[in-house]
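Residue strings, one per chain:
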Amino acid sequence: MPIETVGSMKSILNDYSSKDWTKSAELDGAKAINFNELSIGDIEGTQAKQSFGEMLASSIAQVNGLQQEANTAMQKLASGEKKNLPEVMMAVEKADIAFRTMNQIRTKVIDAYKEVMRMQI
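To keep things clear, this report deals only with the structure shown in the data block. (Residues numbered from 1 in each chain as written. Predicted model: local features only at pLDDT ≥ 70, side-chain atom pairs only at ≥ 80, totals over all residues. Heavy atoms only, no water.)

## Considering the overall build of the protein
And then number 1: Each helix and strand in the protein was counted, giving four helices and two strands.
And then number 2: Order of helices (α) and strands (β) in the protein, N terminus to C terminus: α-α-β-β-α-α.
And then number 3: Counting over 121 residues, the protein shows a buried share of 14%.
And then number 4: The long-range fraction of contacts in the protein, counting pairs at least 24 apart against all pairs at least 6 apart in sequence, stands at 43%.
And then number 5: Working note: accessible area of the protein is about 9600 Å², and carbon and sulfur atoms make up 58% of it. (Helix = DSSP H or I, 4+ residues; strand = E, 2+ residues; numbered from the N terminus. Buried < 20%, exposed > 50% of the residue type's maximum accessible area, 1.4 Å probe, protein only. Contact = heavy atoms within 4.5 Å. Areas by Shrake-Rupley, 256 points an atom, 1.4 Å probe, with all protein chains shown as cover.)

In structure tokens, the structure reads:
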């Protein structure tokens, strides 16, 4: 089942500002981490900066693309247009692994958020 609302998810994440949240987390003038500009790493010799929201939205879009490719491959196999079953199964497995990974990351982020919320200041 492909994700239909990647665009709306991206707009929500782009509008989110971690600066407001980190103001309440600053203690005695300690500097807060700016989560809106995470360093992704060197990409062909250049330093790329991408916000957490953009990184999350692009990851969701990639998972969505894999699921759409798997759906297309299954439809072509069912219609007889494509007869290569191993190729279709690989596309389905890639989509399944990507979705499970995304779901596990979501679970870990929610657990981390709950743990932070339980902390006493």
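## Some thoughts on helix 3 (residues 52-79)
The α-helix advances 3.6 residues per turn, and as a result positions three or four apart in sequence lie on the same side.
And then number 1: Taking 1.5 Å as the rise per residue, helix 3 with 28 residues should run 40 Å; its terminal C-alpha atoms sit 41 Å apart, in good agreement.
And then number 2: Along helix 3, the residues classified as buried are Gly53, Ala57, Ile60, Val63, Asn64, Gln67, Ala70 and Ala73.
And then number 3: Positive phi shows up at Gly80, right after helix 3, with a value of about 90°. (Expected span 1.5 Å × (residues − 1).)

## Brief notes about a nonpolar patch on the surface
And then number 1: Nonpolar side chains collect at one region of the surface, where Tyr113, Val116, Met117 and Met119 lie side by side and expose about 430 Å² of accessible area between them.
And then number 2: Secondary-structure assignment places Val116 in helix 4 (residues 85-118). (Patch = residues over 30% accessible without salt bridge, like charges linked within 9 Å, V, L, I, M, F, W, Y side chains within 5 Å. Salt bridge = Lys/Arg side-chain N within 4 Å of Asp/Glu carboxyl O.)

## A word on helix 4
And then number 1: Between its first and last C-alpha, helix 4 extends 49 Å over 34 residues, near the 50 Å set by a 1.5 Å rise per residue.
And then number 2: Regarding helix 4, the residues found buried are Val88, Ala91, Ala95 and Ala98.
And then number 3: As for helix 4, its buried residues are in contact with helix 3.

## Here's the deal with the environment of Val92
And then number 1: By secondary structure assignment, the location of Val92 is in helix 4.
And then number 2: The partly exposed category is assigned to Val92, whose relative accessible area is 23%.
And then number 3: Sequence separation between Val92 and Gln68 is 24 residues, and the spatial gap between their C-alpha atoms is 9.6 Å.
And then number 4: Apart from residues lying up to four places away in sequence, Val92 is in contact with Ala70 and Met74.

## Some words on the pattern of salt bridges
And then number 1: Considering all chains together, one arrives at three salt bridges under this definition.
And then number 2: Lys82 is paired through a salt bridge with Glu87; the nearest N and O atoms lie 2.8 Å apart.
And then number 3: Judged by its relative accessible area of 24%, Lys82 is partly exposed.
And then number 4: For Glu87, a relative accessible area of 39% translates into the label partly exposed.
And then number 5: With a closest N to O distance of 2.8 Å, Arg118 and Glu115 form a salt bridge. Of this pair, Arg118 and Glu115 both sit in helix 4, separated by three residues, roughly a single helical turn.
And then number 6: For Arg118, a relative accessible area of 57% translates into the label exposed.
And then number 7: The partly exposed category is assigned to Glu115, whose relative accessible area is 43%.

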